Amino acid sequence: MITNPGEINLDTALKICQEAIKKARIENFTPLTVTVVDVAGVIRATLAEDGSGLHRADVAYAKAWTCIAYGISTTMARTILEEQPRLDKAFTGMQTLSNGKLIPTPGGLLIQTSNKNIGAIGISGDRSDEDEICAIAAIEACGLIPGHKAI
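To keep things clear, this report deals only with the structure shown in the data block. (Residues numbered from 1 in each chain as written. Predicted model: local features only at pLDDT ≥ 70, side-chain atom pairs only at ≥ 80, totals over all residues. Heavy atoms only, no water.)

### Re the sheet that holds strand β5 (residues 145-147)
And step 1. Taking strand neighbours across the sheet as the criterion, the five strands line up as β2-β1-β4-β3-β5 in an open arrangement whose pairing is antiparallel. The sheet terminates laterally at β2 (43-48) and β5, the two strands that pair on one side only. Across the sheet, the mean angle separating the axes of adjacent strands is 25° when strand polarity is ignored.
And step 2. Relative to strand β4 (residues 117-124), strand β1 (residues 33-38) runs antiparallel, the two being bridged by six bridges. Bridging from a neighbouring strand, threonine 35 pairs with glycine 122 of β4.
And step 3. Here helix α2 (residues 56-70) sits on the sheet and contacts β1, β2, β3 (108-112) and β4; the angle it forms with β4, its principal contact strand, is near 150°. (Pairing = 2+ DSSP bridges. Helix = DSSP H or I, 4+ residues; strand = E, 2+ residues; numbered from the N terminus. Axes fitted to C-alpha atoms, helices over the stretch in contact; angles between N-to-C directions. Contact = heavy atoms within 4.5 Å.)

So, in structure tokens, the structure goes:
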């Protein structure tokens, strides 16, 4: 049997999801869906608040997937596209190849320790910048490091 090489365990993934939702409630953001994946892109936990929208789970997973697949946060993906608009056609091609999972909007971050990547988080529900605020707060609440670039 092949075992998953992922680094983040279920308890930590669930705690990250819960902390993201806790931050959203403190800030009175709209209902979120939060997904945490391990370094292999395998979903370790997903939580959706009551009232979270139909496609939120897909978007949250796609944000986390983007981080793992490209080794950058979704904010960094957005910045790259804004700074280099000529990459738009290449980006469209990459979205097609990834079955639409490449999303360049904030709310997806790498989850890191001091010396390695252990997973990624994707959040969807409010405006993307608010999604990212919740992602950062959740990762830090668990004693981990939110990353914009792979270690």
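Here the narrative resumes.
### Digging into unusual backbone geometry
And step 1. One non-glycine residue with positive phi stands out, namely asparagine 28, at about 60°.
And step 2. Along the polypeptide, asparagine 28 turns up in the loop between α1 (10-27) and β1.
And step 3. Given a relative accessible area of 66%, asparagine 28 falls into the exposed group.
And step 4. Positive phi outside glycine occurs at asparagine 99, with the angle close to 55°.
And step 5. A relative accessible area of 67% places asparagine 99 in the exposed class. (Buried < 20%, exposed > 50% of the residue type's maximum accessible area, 1.4 Å probe, protein only.)

### Focus: α1
And step 1. Its 18 residues place the ends of α1 26 Å apart at the C-alpha level, agreeing with the 26 Å of an ideal helix rising 1.5 Å per residue.
And step 2. Among all positions of α1, only Ala13, Ile16, Cys17, Glu19, Ala20, Ile21 and Ala24 are buried.
And step 3. On its buried side, α1 packs onto β1, β2, β3, β4 and α5 (128-141).
And step 4. Residue asparagine 9 occupies the N-cap position of α1, its side-chain oxygen lying 3.2 Å from the main-chain nitrogen of aspartate 11.
And step 5. Of the residues one or two after α1, asparagine 28 is the one with positive phi, at around 60°. (Expected span 1.5 Å × (residues − 1). Polar contact = N/O pair within 3.5 Å; in protein donor to acceptor, adjacent residues only side chain to side chain.)

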